[in-house]
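As a plain string of letters, each chain reads:
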Amino acid sequence: MTSGYGPALRFARSFMTGWAPVVEREIHIERGGHRLPASLFLPRAVVRRARAERRRPIPVWVVLHGITRSGRDHPYLVRFARAVASTGQAAVVPEIPEWREIRLSTEATASTVAACLRALEGQPALASRQVGLVGFSFGAPQAIIAPADPALAGRIACVVAFGGYCSVEESSRFQFTGTHELDGREESLTPDPYARWVVGANYLTRIPGYEAAGGVAEALRALAAYTGDNNVLATDPAIEPERRRLAASLASRARSVFETLAPPAGDLPDPMRGGLVAEGLGEVMAGIRELNPVPYLPRVDVPVRLVHGTADQLFPYTQSVKLGRAFPPGADVTTTVTGLFAHASGRERTSLLHTASEALRFLNALASIFRLM
């Protein structure tokens, strides 16, 4: 175990510059009778040493992507994994087909992590008996829940969650209104509609009265997929022709529901109709145990590090703060909220003092993470 600051500085340098002395390999994992690809990122120096002599196995992180069409190939994720490998540790990013297909499958989590662990056992250069687990966005609470699974007991050393959530009801409300609160103080931020489309695609037909809205759900899934397939943001007005095309493909009543969840770019849903759908989606998701991390927290007995950006438009930063507070007393959990390279509460913070303090806070968070391994 190191102080963590050496790896943290190497990670930061690599992530900011995009350069890393690493070797990337494609491996395969066996999950449920299917052979799935995964990306393995190794420090180049470790690969060279392995050819000459056997050394102590290096730590390895399993990294879970979010609900994205690009899956393990998401540019941000690749950059992250390369930066991890630049520290002298290794990272493996498995493909999760369900999540790539815009499906909020919770069943895929533990089976994918277990499959990665089995694959790593065949890599003598890697310390595969215990690994660190990283999750982004939807993958963040799933990573936190994973150590509570009996099949993974004792196999996960720690968890790092970037941009996750605590309450599905509060997250659903934010996605429709842009409002969130902490300690009685309300804040607002324009929500990224992508999360709303994904949730609607998966759970709209489970809301009483919307059982026949399957066409709307599939149109929302297609719209979410369009952003990933064409490398455009859900907030980009360039999606308008596709959004209008999908709306026009629906009958009148279905079109009204679609436009409640997917109004023109830049617009929030109608407060009345959108509020009812948000409440319905929140209630549906609250009833799906595996979507809710809080009930699992008493059984998560490994260190957890939560990191969230103040300008996150998918899940507000207050969700990670609340999640950190929801752990039982004595749990080894820390929460870092950062405004580095972002806007907070609608105001741009560009002073040198602010930038320096944010950089130091984030460096401390990274050091805390790498100290775990």
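Residues numbered from 1 in each chain as written. Predicted model: local features only at pLDDT ≥ 70, side-chain atom pairs only at ≥ 80, totals over all residues. Heavy atoms only, no water.

*Asks:* Explain the nonpolar core to me, please; I cannot follow it from the model alone.
*Replies:* Proteins that are soluble and globular tend to have nonpolar side chains buried together. Core analysis: the biggest nonpolar cluster contains 79 residues, and Leu 133, Ile 144, Tyr 203, Phe 258 and Leu 281 have the highest contact counts within it. Top element by residues in this core is helix 5 (residues 107-120). It accounts for eight residues. In this structure Leu 281 touches Ser 172, Phe 176, Val 199, Gly 200, Tyr 203, Leu 204, Ile 207 and Leu 261, once residues within four positions along its chain are discounted. Counting 27 residues, the second largest nonpolar core, distinct from the first, contains Leu 77, Phe 80, Ile 369 and Leu 372. (Core = buried A, V, L, I, M, F, W, Y, C linked by side-chain atoms within 4.5 Å. Buried < 20%, exposed > 50% of the residue type's maximum accessible area, 1.4 Å probe, protein only. Helix = DSSP H or I, 4+ residues; strand = E, 2+ residues; numbered from the N terminus. Contact = heavy atoms within 4.5 Å.)

*Asks:* Looking at this structure, how should I read the sheet that holds strand 1 (residues 22-31)?
*Replies:* Hydrogen bonds between backbone atoms are what pair the strands of a sheet, whose relative direction is either parallel or antiparallel. Here eight strands make up an open sheet; going across it, the order is 1-2-4-3-5-6-9-10 and the pairing mixed. Two strands close off the open sheet at either side, each with one partner strand: strand 1 and strand 10 (333-338). When the angles between neighbouring strand axes are averaged without regard to direction, this sheet yields 20 degrees. Note: strand 3 (residues 60-64) against strand 5 (residues 131-136), four bridges, orientation parallel. Within strand 5, the residue paired with Val 62 across the bridge is Leu 133. (Pairing = 2+ DSSP bridges. Axes fitted to C-alpha atoms, helices over the stretch in contact; angles between N-to-C directions.)

*Asks:* Got a minute to help me understand the pattern of salt bridges in this structure?
*Replies:* Close approach of charged atoms allows side chains with opposite charge to pair. Counted under the stated rule, the structure contains 22 salt bridges. For Arg 31, the salt bridge is made with Glu 98, and the minimal N-O distance between the two is 2.6 Å. Remark: Glu 98 occurs in helix 4 (residues 97-100) and Arg 31 occurs in strand 1; sequence separation between them is 67 residues. A salt bridge links Asp 229 to Arg 69; the shortest N-O distance between them is 3.0 Å. Of this pair, Asp 229 sits in helix 9 (residues 214-229) while Arg 69 sits in the loop between strand 3 and helix 3 (75-85); the two residues are 160 residues apart in sequence, bridging distant segments of the chain. A relative accessible area of 49% means that Asp 229 is categorised as partly exposed. The network of salt bridges with common partners includes Glu 26, Arg 72, Asp 73, Glu 95 and Arg 100. (Salt bridge = Lys/Arg side-chain N within 4 Å of Asp/Glu carboxyl O.)

*Asks:* Would you take a moment to explain the packing of aromatic side chains for this structure?
*Replies:* Note on aromatic pairs: each is described by the distance of the centres and the angle between the planes. In this structure the tally under the stated criterion is eleven aromatic pairs. Centroid distance Phe 11 to Phe 370: 5.9 Å. Interplanar angle 50 degrees. Geometry classified as tilted. Within this pair, whereas Phe 11 is found in helix 1 (residues 5-17), its partner Phe 370 is found in helix 14 (residues 352-371), the two being separated by 359 residues in sequence. Here Phe 11 and Phe 370 have matching classes, each one buried. Between Tyr 165 and Phe 315, the aromatic rings sit 5.2 Å apart at their centres with planes inclined by 45 degrees, giving tilted as the arrangement. One end of the pair, Tyr 165, is in the loop between strand 6 (156-162) and helix 7 (168-177); the other, Phe 315, is in the loop between strand 9 (304-309) and helix 13 (318-326), with 150 residues separating them in the sequence. (Phe/Tyr/Trp six-rings, centres within 6.5 Å; stacked < 30°, edge-to-face > 60°.)

*Asks:* What is the right way to look at the pairing of strand 1 in this model?
*Replies:* Consecutive side chains of a regular strand alternate in pointing toward one face of the sheet and then the other. One ladder, built from ten bridges, connects strand 1 with strand 2 (residues 34-43); its direction is antiparallel. Considered in strand 2, the bridge of Arg 25 is made with Leu 40. The hairpin formed by strand 1 and strand 2 contains two residues between the paired strands, and Gly 32 there has a positive phi angle of roughly 60 degrees.

*Asks:* Would you explain empty space enclosed by the protein in this entry?
*Replies:* The gaps left among the atoms become clear once a water-sized probe is rolled over them. Considering all chains together, one arrives at one cavity of 30 Å³ or more under this definition. Of the voids in this model, the largest cavity is the one considered here, and its volume is about 70 Å³. Every residue lining the largest cavity is listed: Phe 11, Trp 61, Phe 80, Val 84, Val 134, Val 160, Phe 162, Leu 366, Ile 369 and Phe 370. With three residues, the top contributor of residues to the lining of the largest cavity is helix 14. Per-class residue counts for the lining of the largest cavity are ten nonpolar, no polar and no charged. (1 Å grid on protein atoms, 1.4 Å probe; cavity = no way out; pocket = protein on both sides within 12 Å on 5 of 7 lines; lining within 4 Å. Points joined across faces, edges and corners; volume = space filled by probe spheres on them. Nonpolar A, V, L, I, M, F, W, Y, C, P; charged D, E, K, R; others polar.)

*Asks:* Looking at this structure, how should I read the packing of helix 8 (residues 193-203) against helix 12 (residues 271-286)?
*Replies:* When two helices pack together, their arrangement is given by the angle between the helix axes and by the axis-to-axis distance. Running from amino to carboxyl end, helix 8 crosses helix 12 at an angle of 65 degrees, the nearest separation of the two axes being 11 Å. Handedness of the helix 8/helix 12 crossing: left-handed. For the pair formed by helix 8 and helix 12, the contact residues are Val 199, Gly 200 and Tyr 203 on the first element and Leu 281, Val 284 and Met 285 on the second. Broken down by class, the residue content of the contact of helix 8 with helix 12 amounts to five nonpolar, one polar and no charged. (Left-handed = near helix turned anticlockwise from the far one by under 90°.)

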